[in-house]
Each structure stands twice: as structure tokens, then as C-alpha cells.
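Per-entry structural report
Here are the chains, one letter per residue:
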Amino acid sequence: MENENIINEQKIFSLLDQGKQATREEIFEIIEKAKDCYGLTLEEAAVLIQTEDKEILETLFETAKMIKEEIYGNRIVVFAPLYTSNECTNNCLYCGFRAENRTLHRKTLNIQEIVQEAQAIEQQGHKRILLVCGEDNKKTHIQHITEAVQAIYRGSDIRRINVNAAPMSVEEFKLLKASGIGTFQIFQETYHRETYAKMHPTGAKSDYDYRLTAVERALEAGVDDFGIGVLLGLYDYRFDVMAALMHSQYMDEKYGVGPHTISVPRLRPALESALKEVPYPVSDQDFKKIVAVYRLTVPYTGIILSTREPAAIRDELLSLGVSQISAGSKTNPGGYEKDDREATQFETSDERSLDEMLQVVCEQGHLPSFCTACYRANRTGAAFMELAKDAHIHEFCQPNAILTFKENLVHYASEDTKTKGQRLIAEEIEKINDEKVKAETVERLKRIEKGEKDLYF
Ligand code: SAM
Ligand code: SF4
């Protein structure tokens, strides 16, 4: 089979079979080992992803929390998606944008409309955008995407644009890179070929292998950071989580850099979805386990949680290993200017505004971050991983999170958020160990209060 060196289905099934045999003692040993923050092997991940034992799960969750704090501190990076188009020539059974959905209000934003959306997102206080679109060669071709990226940077104070789009050729990825994107993100949806074929019956996306190898072409073209993920609910999550980890390991071994992020989208109801029910439902408990297993196995990879999830589980997962969240999201093109339910990709669950979300994040003792410094200071790809693994990343991230959050409070936040945020910032400054960095942070906070923007280390 093609690309068996990347995803070997037989090997995954046999790892899962072996994993089932582990004793309680062995499982606790694996969790103990994970505390060193060096990650776990596929064999070990296969054991953890199958555990159903309540006591073991509690230990797993506590350990995920500990590792998250060790590597990322209490920071949570915040972003919003910007949908440029819902026109699509594919027919993914689960998606509201699929070509056979005749009732959807179709729209591709022009460049001016895209900039207006970016400005509306910025008005909420965001600095990071994830650009999302359907796949349609005539509407959302590479020029449309790159023009959109450049126009947003020119026309707003958005400082980092990541892109979630269809797989591209090396030449197209070079153009994407040149436009100044951060991370290129693409989800395999399911790594299980038979299920993949069923879910993607027609259109370019039915080519499993072209999608699987997209991130390699992206790296070849010079894109430094890539993100992966599976759409949870299409197939057995145990298989798909193992496959995503196998993909990650393959990339790490071959290119010296694993995924910058892993996303955990869980299947949502979509307008005119061809799926009448979720094929492989993932319970909240399973979902928490998935996040925890990723955190233990690839501790330096960011985990992204979207507003597909309801508020309660989002709040819980903040502690369990998630490092980035979207907030105040709309999933239809033009949605920040005017909401249209008949144009959305799927139903979001967490409808809280960014301002409300910031209060929750603060109340839970997490520090919201709008930082985009790494990408702009070339701390990306392998260079980023090096710093992250040495824990040097803390030296930049903590003060940068404080500075960018402060900027949000000064320019965009409600009075309640300001009060809670200021209190948190005062506590966070005390946590900076290096006295010079601490003094400089305090100095810069004063400058931000006077109106200066975009100060970072
Ligand atoms: N069209 C491109 C593609 O499919 O790769 C890029 C953007 S697509 C809109 C982004 C992601 O949305 C897909 O990769 C899929 O995982 C997710 N998605 C699609 N339908 C969904 C649904 N009903 N619930 C949750 N996520 C969904
Ligand atoms: Fe199109 Fe992407 Fe939706 Fe599939 S998931 S129908 S490719 S927008």
C-alpha cells in the first residue's frame, strides 16, 4: 500500500492489541515516565489510549495537567477563525459546505470583505487569525488565499495568520509561505483508508495520499510550522489518535520537526450533513483522555481546542493540556459582520464572546496570550522545538503573554475583564524569575498603558 511507511494500519492494530495486555502496574509506570516530559513511545501511547479504569484516568489527567504547566506554564493562546468562503467542490459527508448541500447560502468574500472581517475580529481584541476556506479551484485558489493574507496584514493589526486549507503543490506552498503565513494546518480527518474513502466519495479530497503528504510538501516549500489533527467521531478514536501520533513521529524522524500543533475537532451537527448520526461517538470522558494522551506523548506540541466544544468541557480542558483556544468564533464567511446560520460549516457550541472567555480563563488562573513573537522573531520550526525542549521558551513566553494581554485590556476589554486581568497580571509578574526581565516587563507595561502597542521580547 502507498505510504505505508507513514501510516501502517496493521502496525497500529497490533500496537493496540499489545497495549490491551498491559497490567495496572505497567500503566502507572508509563504515566510516571511521562512526568520527565520527554514524551512516550507509540507502544506506550497505545496502552494509555485504551485505558478505561477510573483511577488510572484520574492519574492520567493529573499528569497531563502537570506537564502542561511545566512546559507552557499557565498560558493559553487565543485566536479566531476567519472563513473566506463556503464554496466547495468536495463532498465530505459530514460538512455543511459539501457540494451536494443545495440549501447552503454560498459566498466567497472578496479581498475587501476579508479585510473587514479581520478588522471586526481585531475589534474583539484578537491578534491571531486562522484563515479557513472550502476547496474550489475557481474561487479559493492560491492567489485568493495569498492576497487575503497580505491584505489582512496591511489592513489590520492582526499579527499572525495561520491557514487551514486543502493540500497544495510545493509551488503553491512556496507562494503561501511568501505571503507571510504562520502555521499551515490540515486535518487528515481519519487515517483509516476505508473510512476515509466512504467519507470523501468525490472531489479532489478523495485522494487520501495527496492529503497525507501535504505537510511534507509544505516543509519542502519552506513553511516552518505545520498542524495536524483528526476529526473525532468518524472512526474509532483509538486508531486515529495512534495514527496521528505515528504521523507525528514519522515527520519528526524524517525532518527533525514534528507538528507545531495537533487539533482535536469533534464532529458536530452540520446543515444537510449526509451523516445522520456520529459513526463513532466520542464521549466527554474519552475526549479528555485523548487530550491527555497527546499531552503525555508529544509534550512539546501545542493542542488546539475550538468552539465546537461546549463551554463546560472547554473550561475543564484548559487545565488538561490544551494550549490554544479559539473564542468568539463564527463559521460562516462574513459572520463577524453578519451572522447567517444557513451559511455555516457546523454548529458551534461555545457562543461566549472573547471578552467573556477571557474572564473565564483568568478566573481559572490561566494567563491569556495574544503573543505572536516567536513567529516574527523566527523562533519557528526546529528552532522553536529546540528552545521549547530546553524550556528556554518560558523566558520569552511568560512576559510576552503578560504584555499582549495587557494590550488587550487597555484597548478592548470590558471593565470586569480589566479588573480580573490586572489582578492576574500583578500575580504573573511576580512569577518572572529573571530580575532584569521582570523590571523590563514592568517598564513595558507602563508604556502599553500610555498607548504603545506591539512590545515583545
Ligand atoms: N476545506 C478544507 C479541508 O477540508 O481541509 C479546509 C477547511 S475545512 C472547512 C476545516 C475542517 O473542518 C476540516 O478539516 C474538518 O475536520 C472540519 N469539519 C468539517 N465538518 C465538520 C463538522 N461537521 N464538525 C466538526 N468539524 C468539521
Ligand atoms: Fe469542503 Fe473542507 Fe467541508 Fe470537505 S471539509 S466539504 S473540503 S470545506
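The residue numbering used here restarts from 1 in each chain and proceeds along that chain's sequence as written. Here the convention is simple: chains get letters from A, ligands get numbers from 1, in the order in which they are written. Only residues with pLDDT of at least 70 get local features here, since the model is predicted, and only at 80 or more are side-chain atom pairs given and counted; chain-wide, interface and lining totals rely on the full set of residues. In computing side-chain values, all of the structure's heavy atoms are included and hydrogens and water are not.

Attention now goes to the packing of aromatic side chains. Pairing of aromatic rings covers Phe, Tyr and Trp, the last counted by its six-membered ring, and requires centre-to-centre distances within 6.5 Å; plane angles under 30 degrees mean stacked, over 60 mean edge-to-face, and any other angle means tilted. Counted by the stated rule, this structure contains six aromatic pairs. Taking 4.8 Å as the distance between ring centres and 80° as the angle between the ring planes, the aromatic pair formed by Phe-173 and Phe-184 counts as edge-to-face. Within this pair, whereas Phe-173 is found in helix H7 (residues 170-178), its partner Phe-184 is found in strand S4 (residues 183-185), the two being separated by 11 residues in sequence. A single burial state applies to Phe-173 and to Phe-184, both of which are buried. Their ring planes at 65° and their centres at 5.1 Å tell us that Tyr-235 and Tyr-280 sit as a pair that is edge-to-face. In this pair, Tyr-235 is assigned in the loop between strand S5 (225-229) and helix H11 (237-255) and Tyr-280 in the loop between strand S6 (261-263) and helix H12 (284-297), connecting sequence segments 45 residues apart. Here's how the labels work: a residue is buried when its accessible area is under 20% of the maximum for its type, exposed when over 50%, partly exposed in between, all with a 1.4 Å probe on protein chains only. Classification of Tyr-235 as buried rests on a relative accessible area of 12%. Among the aromatic residues, those joined into a ring-pair cluster are Phe-13, Tyr-235, Phe-239 and Tyr-280. In this structure, Arg-266 packs its charged tip against the face of Phe-287, placed 4.3 Å from the ring centre. A ring is scored as having a charge over it whenever the NZ atom of a lysine or the CZ atom of an arginine sits within 6 Å of its centre and within 35 degrees of its normal. Taking NZ or CZ as reference, Arg-444 lies 4.2 Å from the ring centre of Phe-457, over its face. Secondary structure is summarised from DSSP: a helix means a run of H or I of at least four residues, a strand means a run of E of at least two, and numbering begins at the N terminus for each.

What follows deals with the nonpolar core. Only buried Ala, Val, Leu, Ile, Met, Phe, Trp, Tyr and Cys residues count toward a nonpolar core, and they belong to the same one when joined by side-chain atoms within 4.5 Å. Judged by nonpolar contacts, the single largest core of 121 residues is most densely connected at Leu-131, Phe-184, Tyr-191 and Tyr-294. With 10 residues, H11 is the single largest residue contributor to this core. Formed jointly, this core draws a minimum of three residues from each of two domains, domain 1 (70-373) and domain 2 (391-449). By size, the runner-up hydrophobic cluster in this structure holds 19 residues, among which are Phe-79, Cys-95, Phe-97 and Leu-130. These domain limits were set by an automatic method or by a database of domain assignments.

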